[in-house]
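In case you want the letters, here they are:
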Amino acid sequence: MATMLFSQHSSNPLEVGSSDARNRAYHKEYLSAQKINGVQNFTSEDGGSNFSRQEMVEYQNHLAQLYIRPKSKASGDELPVMVDLDESGDELSSMDCPQDMCDLEDDEEEGEDLGAPGEADEAMTIYLKPAEEREEIQLEIANLLTAVPQLSKDYKIVDRLGTGTFSSVYKAIDLWYHTKWDNRPWHGCHTPSSSAYHQSVLYPKGSHAFVAIKRIYVTSNPERIRNEISIMEDCRGTRHISQLITAFRHHDQVVAIMPYNRNEDFREFYKDLSMAGIKAYFRCMFRALRDVHSRGIIHRDVKPANFLFDPRTGIGTLCDFGLASRMDSSTPIHGVCLHTPPSREYPHGKVRTREEYDLEHLKKMQREARQKSSWPSERVGYPDKDTRPHSKANRAGTRGFRAPEVLLKCGSQTGAVDVWSAGIILLFFLTGKFPLLQSTDDIEALMEISTIIGRQKMEKTAILHSRTFATNVPSITTEGISWREFVLRQNPHLVDVPRPNTRHYPYNIYPEQSTPGRPPPSSSSAYSSHSSRHNRCSSRSRSPTSAHMDYPYPTQESHDTDVENALSFLTQVMEPESTRRITARGALYHPFLADPSEPEDDELFPHPFGEGVCRKYHFLDDVTDEPCVLIHVDEEEKVRRLVSGEGLAIGSRPCEFHRKEFGLDEDD
């Protein structure tokens, strides 16, 4: 169910950034119109009654300074017009600013206001889009509210974030976050030392809680919808995963609610993100993958479009579980692989012993394949009538990101397929090229990979999955080249020390930040005195590592170390044999991602329900299969039924219900 839970990503460049530098052009255009037409009634574009005009001018200028875009060579008339004024100079039309969407501050029943400047900015991103697109989005929103009428009672939809084959995603304000809902289960209980702590920080009273509303189209397979919702529910409480707040159905309409995550288009930062920023990117990603894989789940569609990363804070969130699947421990009937299914001890499986397969038959298969590789082109091809049994395997994913075992139709796939996809993203960073592999089918994809790693490695990889690989293409050499050599050929300047971009974590400059170890605030938190009253974005944007005002710039020595570690790491995540590919947990302990100044990842890992130090108090109901815990109330043992996300032990700490049993305060 490939969809986009993101804003401004490579596969869906729909949204102008909410803090785009073109805000200045927008404001200038609007003030010019006011001089001609006189002062009109304020709408939420002007900030309502909360801000004076001078404050808004300062705020817009502040945003333009924070988010300076590269100078464009395009002519001035190509700049998108942000305000739709007709030739007569009349005020904005009702379609440009419909009453039910603009007057956020006038709804007395909810008692909402625009809150902090950053919140006002987020609530008005739709007005940074061309008039035609705004009209289309507003019609979509009206259609959604008609199809699912209960949405309007609980959420105020303010923009569209993305649209895909099976769904569309919208940005909205949760009107009852502070008064109606119990949000603790999806917030989780991550400790302050965790990079996912921002997920557990509650929104301060009076602030807006932005959410992403995913509308799943009725054309989607019902089983795929059920699978996605079920998997997201099982991933509650995990790190750097888009959390499922709730989901509901109205007739044939299915809607899922998740937190809104700020992010930028991968293409905007991948070429100039520092090594420190790249490490932050992959620490978040591999923490997410470790937590997902430990629950027996494969994401299957790891790519930049599905990883919402904000380079200003170093925080990333894995989203879109539409193609996700559960690991299968059964053995397929046809094409049994020479490796075992995943297990706790061997997450990516292990090679079977020689007693478990016919060695002579495999040698015969290899000899025949190598013989075919020497044949002329007229003798090579597909059989006209192929009588061999068809191999059925999950091939879900995006082209260019599929691992060799997916292309070879392995019947016992593991989390290794996600690790390979993450390695492809690392290639983008190190080579400075995106995309890289763009084959249109599985055979071409295998040929692309073989061109780099060589025929010999691909033959060995194929035989691991009871397949053979044969090619007579002369450009595919026997030995191939290493991933290190491939990267340095593509980007010989990788070894040069870059000048970090001061817009990006951890080199951002925030005048108000003076406390060492304090997370960098959001883009709007550094503006004026309003930020001291509304610091929601600051408190909820905690960076993965301690951010200091004087974060050291890289030296040649430190950069050389980072490059060597990155290339070593690349080799292990791009290992073609899935059983030898590094696991998500192993990746976090590799020198490239390990940080001696932080606690070990095992101490911050949220265990699946029923595991951890307090597991003896956890059980599943025999009838309903609901998660339950035994708790002590007034020295009496009672059973408490839980919802997904509750009762997760983290590291060596017990869950929130059993801290007293382990000598901890309830608030610890």
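Residues numbered from 1 in each chain as written. Predicted model: local features only at pLDDT ≥ 70, side-chain atom pairs only at ≥ 80, totals over all residues. Heavy atoms only, no water.

Quick notes on the overall build of the chain
Working step 1: Counting secondary structure elements, the chain contains 21 helices and 12 strands.
Working step 2: Across the 668 residues that make up the chain, the buried fraction comes to 53%.
Working step 3: At a minimum sequence separation of 6, the contacts of the chain that also span at least 24 residues come to 72%.
Working step 4: When the accessible surface of the chain is summed, it comes to about 31000 Å², and 50% of that surface belongs to carbon and sulfur atoms. (Helix = DSSP H or I, 4+ residues; strand = E, 2+ residues; numbered from the N terminus. Buried < 20%, exposed > 50% of the residue type's maximum accessible area, 1.4 Å probe, protein only. Contact = heavy atoms within 4.5 Å. Areas by Shrake-Rupley, 256 points an atom, 1.4 Å probe, with all protein chains shown as cover.)

Here's the deal with the sheet that holds strand β11 (residues 627–633)
Working step 1: As summarised here, the arrangement of the 3 strands in space is β10-β11-β12, forming an open sheet in which the pairing is antiparallel. Looking at which strands have only one partner, the edges of the open sheet turn out to be β10 (618–620) and β12 (636–641). Adjacent strand axes in the sheet meet at a mean angle of 35°, parallel and antiparallel pairs treated alike.
Working step 2: Sheet topology note: the β11/β12 ladder contains 6 bridges and is antiparallel. Following the sheet pairing, Val-633 is matched in β12 by Glu-636. (Pairing = 2+ DSSP bridges. Axes fitted to C-alpha atoms, helices over the stretch in contact; angles between N-to-C directions.)

Some details on a positive patch on the surface
Working step 1: Residues Arg-354, Lys-363, Lys-364 and Arg-367 make up a contiguous surface patch of positive charge.
Working step 2: In this structure, Arg-354 sits in the loop between β9 (325–326) and α12 (359–373). (Patch = residues over 30% accessible without salt bridge, like charges linked within 9 Å, V, L, I, M, F, W, Y side chains within 5 Å. Salt bridge = Lys/Arg side-chain N within 4 Å of Asp/Glu carboxyl O. Lys, Arg positive; Asp, Glu negative; His and termini not counted. Charge placed at Lys NZ, Arg CZ, Asp CG, Glu CD.)

What to know about helix α17 (residues 483–490)
Working step 1: Residues of α17 that are buried: Trp-483, Phe-486 and Val-487. Relative to the axis of α17, the buried residues are bounded by an arc of 95° and lie together on one face.
Working step 2: Packing partners of the buried residues in α17 comprise α14 (416–431), α15 (442–453) and α20 (556–573). (Arc of directions from axis to C-beta.)

Considering the sheet that holds strand β3 (residues 210–216)
Working step 1: Read across the sheet, 5 strands follow the order β1-β2-β3-β5-β4 without closing on themselves; strand pairing throughout is antiparallel. A strand with exactly one partner marks an edge of an open sheet, and here the two such strands are β1 (155–163) and β4 (246–250). Strand-to-strand twist in this sheet, taken as the mean axis angle between neighbours without regard to direction, amounts to 25°.
Working step 2: Here helix α5 (residues 131–147) sits on the sheet in contact with β1, β2 (167–174), β3, β4 and β5 (253–259), set at roughly 120° to β1.

Description of the pairing of strand β7 (residues 307–310)
Regular strands place their side chains on alternate faces of the sheet.
Working step 1: Both faces of β7 are covered, namely the face carrying Phe-307 and Phe-309 and the face carrying Leu-308 and Asp-310.
Working step 2: Note: β7 against strand β8 (residues 315–318), 4 bridges, orientation antiparallel. Residue Leu-308 lies in a different strand from β8, and its bridge partner there is Thr-317.
Working step 3: Once β7 ends, the chain turns through 4 residues before running back antiparallel as β8, passing Gly-314 with a positive phi of about 75°.

Re the packing of aromatic side chains
Working step 1: Considering all chains together, one arrives at 24 aromatic pairs under this definition.
Working step 2: It is Arg-224 that lies over the ring of Phe-166; its NZ or CZ is 4.5 Å from the centre.
Working step 3: Residue placement shows Arg-290 over the ring face of Phe-605; its charged tip is 4.2 Å from the ring centre. (Phe/Tyr/Trp six-rings, centres within 6.5 Å; stacked < 30°, edge-to-face > 60°. Lys NZ or Arg CZ within 6 Å of the ring centre and 35° of its normal.)

Overview of the environment of Ala-594
Working step 1: Within the element layout of this structure, Ala-594 appears in the loop between α21 (584–588) and β10.
Working step 2: You can call Ala-594 partly exposed: its relative accessible area is 33%.
Working step 3: Between the alpha carbons of Ala-594 and Arg-283 there is a distance of 8.5 Å; along the sequence they are 311 residues apart.

Thoughts on the packing of α15 against helix α16 (residues 455–464)
Working step 1: α16 packs onto α15 with a crossing angle of 125° between their chain directions and a minimal axis gap of 7 Å. On the basis of their axis angle, the class for α15 and α16 is oblique. Residues Leu-446, Ile-449, Ser-450 and Ile-453 of α15 lie in contact with α16, whose contacting residues are Arg-455, Lys-457 and Met-458. (Parallel < 35°, antiparallel > 145°, perpendicular 65-115°, else oblique.)

Some remarks on unusual backbone geometry
Working step 1: The step from Phe-434 to Pro-435 runs through a cis peptide bond, and the omega angle for that step is 0°.
Working step 2: For Pro-435, the location among the structural elements is in the loop between α14 and α15.
Working step 3: In this structure, Ser-466 is a non-glycine residue whose phi angle is positive, near 60°.

What about the pairing of β11?
Working step 1: Relative to β11, β10 is paired through 3 bridges, and the arrangement is antiparallel. Note on β11: the bridge partner recorded for Phe-619 is Cys-628.
Working step 2: With antiparallel pairing between neighbouring strands as the criterion, β11 and β12 make up a hairpin whose turn holds 2 residues, including Asp-634 at a positive phi of roughly 55°.

Focus: the confidence of the model for the chain
Working step 1: Averaged over every residue, the pLDDT of the chain is 78; residues scoring 70 or more account for 71%.
Working step 2: Of the regions scoring below 50 in pLDDT, residues 66–112 engages in 73 contacts with residues more than four places distant in sequence or in other chains.
Working step 3: A low-confidence stretch, residues 541–549 (pLDDT under 50), is modelled with 42 contacts involving residues beyond four sequence positions or located in other chains. (pLDDT = per-residue confidence, 0-100.)

Focus: the nonpolar core
Working step 1: Counting 78 residues, the largest nonpolar core has Tyr-281, Phe-282, Phe-286, Ile-425 and Phe-429 as the members making the most contacts within it.
Working step 2: Here this core takes 11 residues from α14, the largest share from any one element.
Working step 3: Two domains each provide a minimum of three residues to this core, namely domain 1 (119–259) and domain 2 (266–373 + 397–494 + 560–589).
Working step 4: Membership of the second largest hydrophobic core comes to 22 residues, among which are Met-124, Val-148, Leu-151 and Ile-213. (Core = buried A, V, L, I, M, F, W, Y, C linked by side-chain atoms within 4.5 Å. Domains from an automatic or database assignment.)

Points about the pattern of salt bridges
Opposite charge on two side chains permits them to pair, given that their charged atoms come into close proximity.
Working step 1: Across all of its chains, the model carries 35 salt bridges by this definition.
Working step 2: Across the pair Lys-214 and Glu-228 runs a salt bridge, and its minimum N-O distance is 2.4 Å. In this pair, Lys-214 is assigned in strand β3 and Glu-228 in helix α9 (residues 222–234), connecting sequence segments 14 residues apart. Each of the two residues, Lys-214 as well as Glu-228, counts as buried.
Working step 3: Linked through salt bridges whose partners overlap, the residues forming this network are Arg-239, Arg-287, Arg-290, Asp-291, Arg-585, Glu-598, Asp-601 and Asp-602.

Considerations on the packing of α14 against α17
Working step 1: Packing of α14 against α17 brings their axes to within 9 Å, and their N-to-C directions diverge by 35°. Note on element contacts: α17 touches α14 through Trp-483, Phe-486, Val-487 and Gln-490, opposite Trp-420, Leu-427, Leu-430 and Thr-431.
Working step 2: Per-class residue counts for the contact of α14 with α17 are 6 nonpolar, 2 polar and no charged. (Nonpolar A, V, L, I, M, F, W, Y, C, P; charged D, E, K, R; others polar.)

Digging into the state of the cysteines
Working step 1: For the structure shown, the criterion picks out 0 disulfides.
Working step 2: Lacking any disulfide linkage, Cys-337 is separated from the closest cysteine sulfur, that of Cys-410, by 3.5 Å.
Working step 3: Note on Cys-410: relative accessible area 2%, which makes it buried. (Disulfide = S-S within 2.5 Å.)

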